[in-house]
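Understanding the architecture of this molecule
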Amino acid sequence: MARAIRSNTRLDLIVLTTCVVLALAARALPNTMRDPVATTMRRSFLAPLVLLQERSEKGRQSLLAADAKQSRLDSLSLDALGIRSR
């Protein structure tokens with residue numbers, strides 16, 4: 001059951017503190033251990049976020065390509081109308 005209004009931010013503070021502690025612990029790891037930990041994180045819980053970012057980038061590129069195609073189509077249509085009226 002979801003809460004409509006959040007009046008207590010204790011959970012948020014706990015999550016923030018945990019993230020800061022984990023970030024500092026990861027920063028303190030030697031370089032030989034950082035890479036395997038980072039790879040594991042990327043393959044596990046970060047993979048959906050990376051996939052979401054890639055999909056959103058593809059969607060943005062599709063929209064930009066559609067705008068460019070529509071502009072070309074509009075220009076061709078106007079040119080065709082101009083030629084027919086002469």
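The structure this text deals with has already been given above.
None of the values given here were measured: they were computed from a predicted structure. (Residues numbered from 1 in each chain as written. Predicted model: local features only at pLDDT ≥ 70, side-chain atom pairs only at ≥ 80, totals over all residues. Heavy atoms only, no water.)

Some words on the overall build of the protein
Helix and strand content of the protein: 3 helices and 0 strands. By the burial criterion, 0% of the 86 residues in the protein qualify as buried. Here the protein has roughly 8,200 Å² of accessible surface; of this, 64% comes from carbon and sulfur atoms. (Helix = DSSP H or I, 4+ residues; strand = E, 2+ residues; numbered from the N terminus. Buried < 20%, exposed > 50% of the residue type's maximum accessible area, 1.4 Å probe, protein only. Areas by Shrake-Rupley, 256 points an atom, 1.4 Å probe, with all protein chains shown as cover.)

Comments concerning the pattern of salt bridges
All told, the structure shown has 1 salt bridge when counted by the stated rule. Arg60 is paired through a salt bridge with Glu57; the nearest N and O atoms lie 3.1 Å apart. Taken together, the positions of Arg60 and Glu57, both in helix H3 (residues 47–85) and 3 residues apart, correspond to about one turn of that helix. Taking the relative accessible area as the measure of exposure, Arg60 reaches 45% and is therefore partly exposed. Assessed through its relative accessible area of 27%, Glu57 is described here as partly exposed. (Salt bridge = Lys/Arg side-chain N within 4 Å of Asp/Glu carboxyl O.)

With respect to a nonpolar patch on the surface
A surface patch of nonpolar side chains, amounting to about 400 Å² of accessible area, comprises Leu13, Leu16, Val20 and Leu24. Within the fold, Leu24 resides in helix H1 (residues 10–28). Its relative accessible area of 57% is what places Leu24 among the exposed residues. (Patch = residues over 30% accessible without salt bridge, like charges linked within 9 Å, V, L, I, M, F, W, Y side chains within 5 Å.)

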